[in-house]
Amino acid sequence: MGDSQMYVYGIATSEEEVLFLLLTVLFWVAVVGGVGAALRSKARGRRARTPEDVLFQRFVAGEIDDDEYRHDREVLRGVPHLCGRDGS
């Protein structure tokens, strides 16, 4: 009969006990990490999109060009446009 005792922090344990402890810790790390990731992605999806965010997404998607993006952004911010495209 071989000696299958291991010592963890000075306590004699068997290989099966060490494996069980390791698997238990890994299981709970996965559960807590999964819940945290789910909550983080849900919070990110609920974030309110401002009109500037929508305008930027249109610009990134290529729906509007640089001049139109800058003009519309300035209109949203209430800054008068220098080129007069706002009708003034």
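It should be noted that the structure appears before, not after, this text.
Note that the structure is a prediction, hence the values are computed from the model and not measured.

A word on the overall build of the protein. When you go through the protein residue by residue, the secondary structure sums to 3 helices and 2 strands. Of the regular secondary structure in the protein, the N- to C-terminal order runs β-β-α-α-α. Within the protein, the proportion of its 88 residues that are buried is 9%. The long-range fraction of contacts in the protein, counting pairs at least 24 apart against all pairs at least 6 apart in sequence, stands at 9%. Split by element, the accessible area of the protein, about 7600 Å² in all, is 61% carbon and sulfur.

Tallying each qualifying case throughout the model produces 3 aromatic pairs. Relative to Trp 28, the ring of Phe 27 has its centre 5.1 Å away and its plane inclined at 75 degrees; by these criteria the two rings are edge-to-face. The exposure class of Phe 27 is partly exposed, given its relative accessible area of 47%. Taking the centre distance of 4.7 Å and the plane angle of 20 degrees together, the rings of Phe 59 and Tyr 69 count as stacked. One end of the pair, Phe 59, is in helix α2 (residues 51-60); the other, Tyr 69, is in helix α3 (residues 66-77), and 10 residues separate them in sequence. A relative accessible area of 28% means that Phe 59 is categorised as partly exposed. By relative accessible area, which is 11% here, Tyr 69 ends up buried. Ring pairing ties together the aromatic residues Phe 56, Phe 59 and Tyr 69, which thus form one cluster.

Calculation criteria
Residues numbered from 1 in each chain as written. Predicted model: local features only at pLDDT ≥ 70, side-chain atom pairs only at ≥ 80, totals over all residues. Heavy atoms only, no water. Helix = DSSP H or I, 4+ residues; strand = E, 2+ residues; numbered from the N terminus. Buried < 20%, exposed > 50% of the residue type's maximum accessible area, 1.4 Å probe, protein only. Contact = heavy atoms within 4.5 Å. Areas by Shrake-Rupley, 256 points an atom, 1.4 Å probe, with all protein chains shown as cover. Phe/Tyr/Trp six-rings, centres within 6.5 Å; stacked < 30°, edge-to-face > 60°.

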